[in-house]
Amino acid sequence: MENTLVRDDRVIVSKLTPGPFDLNRGDIVVFRDPGNWLGTVPQTNEGGTRESVRRVLQFVGLVPDDSDDHLIKRVIGLPGDHVVCCDKGGQLTINGVSIAEPYIRPGDSPGGGKASFDITVPPGKVWVMGDHRSDSSDSRFHDDGTGATGSVPIEDITGRSVMIVWPIDHVKWLSVPERVYSEVP
C-alpha cells in the first residue's frame, strides 16, 4: 500500500463498514486472508486472563490487532463491477469508465506490470488492489481469470481504515478524492 501506508504505520479501523455503512470503491479495507495469500502464519496465544483481556481491548479498538492473518488493500471493484486492465491509456476501467488513480505509488502503472485482466466481481465479494501495484500480492495474483478466486468475500472484511495514527509524523485521514470514482456507474 506504499506510499499511502508504509511499514509500521498504525491505522484506526472502523468496524461499521461493512455494516451500517456501505463499502465504496477506493475504501482501504482490512480483511482476513481469504485463501492462503499469506502462506502459513504461526499462531500465538498468551493464554489465560491476559489473552482474554487483550481480545476484549482489541474488540473495542483500544489496542491494535497484531495478528498476522490480515491484509490491507484498496477496494477497486464492488459486487457486479466489470474491472478491466487496462485501456489504451494504460488506466483501469470499471464498468467501462477509465479511472485516474492519484494514490498509486509514483513510478507504478495501474496494472503494476501484471498481465491484463478482465473480470466481473462476484456477488458478496470485492476486488482489491494495493497502491504499490508492482509489489502487491492482491486480487490480480490470486485469481483464475474469472474474478471468482481473487475477489475477497465481504464477510472477511474486518473494517475500513479511516486514519493513520502512528507514527505521529504520519498522522492523516485516509480518504479517496471523490472524483476518482465519481463517473463509474
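Scroll up a little and you will see the structure.
Residues numbered from 1 in each chain as written. Predicted model: local features only at pLDDT ≥ 70, side-chain atom pairs only at ≥ 80, totals over all residues. Heavy atoms only, no water.

**Brief notes about the environment of Gly 113**
Along the chain, Gly 113 falls in the loop between strand 6 (97-98) and strand 7 (117-120). Residue class for Gly 113 comes out exposed when judged on its relative accessible area of 73%. Each C-alpha atom of the pair Gly 113 and Arg 133 lies 7.8 Å from the other, and the pair is 20 residues apart in sequence. (Helix = DSSP H or I, 4+ residues; strand = E, 2+ residues; numbered from the N terminus. Buried < 20%, exposed > 50% of the residue type's maximum accessible area, 1.4 Å probe, protein only.)

**Remarks on the sheet that holds strand 4 (residues 82-85)**
Here four strands make up an open sheet; going across it, the order is 6-5-4-7 and the pairing antiparallel. The sheet is open, and its two edges are formed by strand 6 and strand 7, each paired on a single side. Sheet topology places strand 5 (residues 93-94) next to strand 6; two bridges connect them, and they run antiparallel. Pairing of Thr 93 across the sheet is with Ser 98, part of strand 6. (Pairing = 2+ DSSP bridges.)

**What about the pattern of salt bridges?**
Counting across every chain of the model gives six salt bridges. Ionic pairing is found between Arg 140 and Asp 138, a salt bridge with its closest N-O pair at 2.8 Å. Under the relative-accessibility criterion, Arg 140 is labelled buried at 4%. Under the relative-accessibility criterion, Asp 138 is labelled buried at 0%. (Salt bridge = Lys/Arg side-chain N within 4 Å of Asp/Glu carboxyl O.)

**Considerations on the packing of aromatic side chains**
Two measures describe an aromatic ring pair: the distance that separates the ring centres and the angle between the ring planes. Scanning the model with the defined rule gives one aromatic pair in all. Seen in terms of ring centroids, Phe 117 and Trp 127 are 5.4 Å apart; in terms of plane orientation they differ by 35 degrees. Their pairing is tilted. In this pair, Phe 117 sits in strand 7 while Trp 127 sits in strand 8 (residues 125-129), placing the two residues 10 residues apart along the sequence. Classification of Phe 117 as buried rests on a relative accessible area of 11%. Its relative accessible area of 0% is what places Trp 127 among the buried residues. (Phe/Tyr/Trp six-rings, centres within 6.5 Å; stacked < 30°, edge-to-face > 60°.)

**Observations regarding the state of the cysteines**
Summed over all chains, the structure comprises one disulfide. The partner cysteine of Cys 85 in its disulfide is Cys 86, sulfur to sulfur 2.3 Å. Every disulfide takes its handedness from the sign of the S-S torsion; for Cys 85 and Cys 86 that torsion is -70 degrees, giving left-handed. Since its relative accessible area comes to 6%, Cys 85 is described here as buried. (Disulfide = S-S within 2.5 Å.)

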